[in-house]
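# A look at the structure
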Amino acid sequence: MRDIAAARAAIGVASWTMPVTAGRLFGLGLGGETNAPFLLRLGGARDLVLAAGALEGTHPARNRALRVAIACDALDLAATTLAVRQGRMSKPAATLMAAASAGCMALSARALAS
C-alpha cells in the first residue's frame, strides 16, 4: 500500500506546489496556457486524495479507494490517447503520461490483490 500511496503523493505534491515544473517533467508543452497551473493543481489534488485512500485503515474502504484509483488511471490513459489522436499532445509526453498512469494502475492492482 505504501508504494502506491508514496507515488501518488509525490505526483500530487509536485503538481500542487510547482505545477509548471511538474508539467514540464511530464513533457507537457504548457506554452502560454494560463489555465495550466490551475488544471495541474486539480490533478495534484486528485492524486493526494487517491494516496490517502490507499492508506485507508479498513479493508473494504481501502479496496473501494483502490478501485476508484484504477478507474481514474484508465480514464487518464484514454484521455492521453485522445489527446495524441487530436494532435494536442506529443508522443514523448504521451509516453510519460501513459507510463505514470499505467504504473500507478499496476501498483493499485497489486495492492488490491494483496
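All of these numbers come straight from a predicted model, not from anything done at the bench.

By size, the foremost hydrophobic cluster in this structure holds six residues: Ile4, Ala5, Ala54, Leu66, Cys104 and Ala111. The set of elements that each furnish at least two residues to this core consists of α1 (2-17) and α5 (91-113). Beyond its immediate sequence surroundings of up to four residues, alanine 54 is in contact with Met1, Ile4, Ala5, Arg62, Ala65 and Leu66.

Scanning the entire structure with this criterion turns up zero aromatic pairs. Positioned above the aromatic ring of tryptophan 16, the side-chain terminus of arginine 41 is 5.9 Å from the ring centre.

Further remarks concern the packing of α1 against α5. Two elements in contact, α1 and α5, have axes whose closest approach is 9 Å; the angle formed by their N-to-C orientations is 150°. Taken together, the axes of α1 and α5 are roughly antiparallel relative to one another. Relative to α5, α1 is oriented so that their crossing is left-handed. In this structure, α1 contributes Asp3, Ile4, Ala7, Arg8 and Ile11 to the contact, and α5 contributes Cys104, Leu107, Ser108, Arg110 and Ala111. In the contact of α1 with α5, the residues fall into six nonpolar, one polar and three charged.

Basis of the calculations
Positions within a chain are numbered from 1, following the residues in the order the chain's sequence is written. A pLDDT threshold of at least 70 governs which residues receive local features in this predicted model, and a stricter bar of 80 or more applies before side-chain atom pairs are shown or counted, although totals over entire chains, interfaces and linings include all residues. Working from all heavy atoms in the structure, the side-chain values ignore hydrogens and water. Throughout, nonpolar core names a set of buried Ala, Val, Leu, Ile, Met, Phe, Trp, Tyr and Cys residues whose side chains join them through atoms within 4.5 Å. Residue burial is assigned from relative accessible area. The probe radius is 1.4 Å, only protein chains are included, and a residue is buried under 20% of its type maximum, exposed over 50%, and partly exposed in between. Helix and strand assignments come from DSSP, with helices taken as H or I runs of at least 4 residues and strands as E runs of at least 2, each series counted from the N terminus. Residue contacts are defined here by distance: any two heavy atoms, one from each residue, within 4.5 Å place the two residues in contact. Two aromatic rings from Phe, Tyr or Trp, using only the six-membered ring of Trp, form a pair when their centres are within 6.5 Å; if the ring planes differ by under 30 degrees the pair is stacked, by over 60 it is edge-to-face, and anything between is tilted. Geometrically, a lysine NZ or arginine CZ counts as sitting over a ring once it is within 6 Å of the ring centre and also within 35 degrees of the ring normal. Interaxial angle, 0 to 180 degrees, is taken between N-to-C directions of lines fitted to C-alpha atoms, where a helix line uses only the stretch in contact. Note that the term roughly parallel is reserved for angles under 35 degrees, roughly antiparallel for angles over 145, roughly perpendicular for angles of 65 to 115, and oblique for everything else. The crossing is said to be left-handed when, going from far helix to near helix, the turn is anticlockwise and less than a right angle, and right-handed when the turn is clockwise. Note on residue categories: nonpolar means Ala, Val, Leu, Ile, Met, Phe, Trp, Tyr, Cys or Pro, charged means Asp, Glu, Lys or Arg, and polar means any other residue, Gly included.

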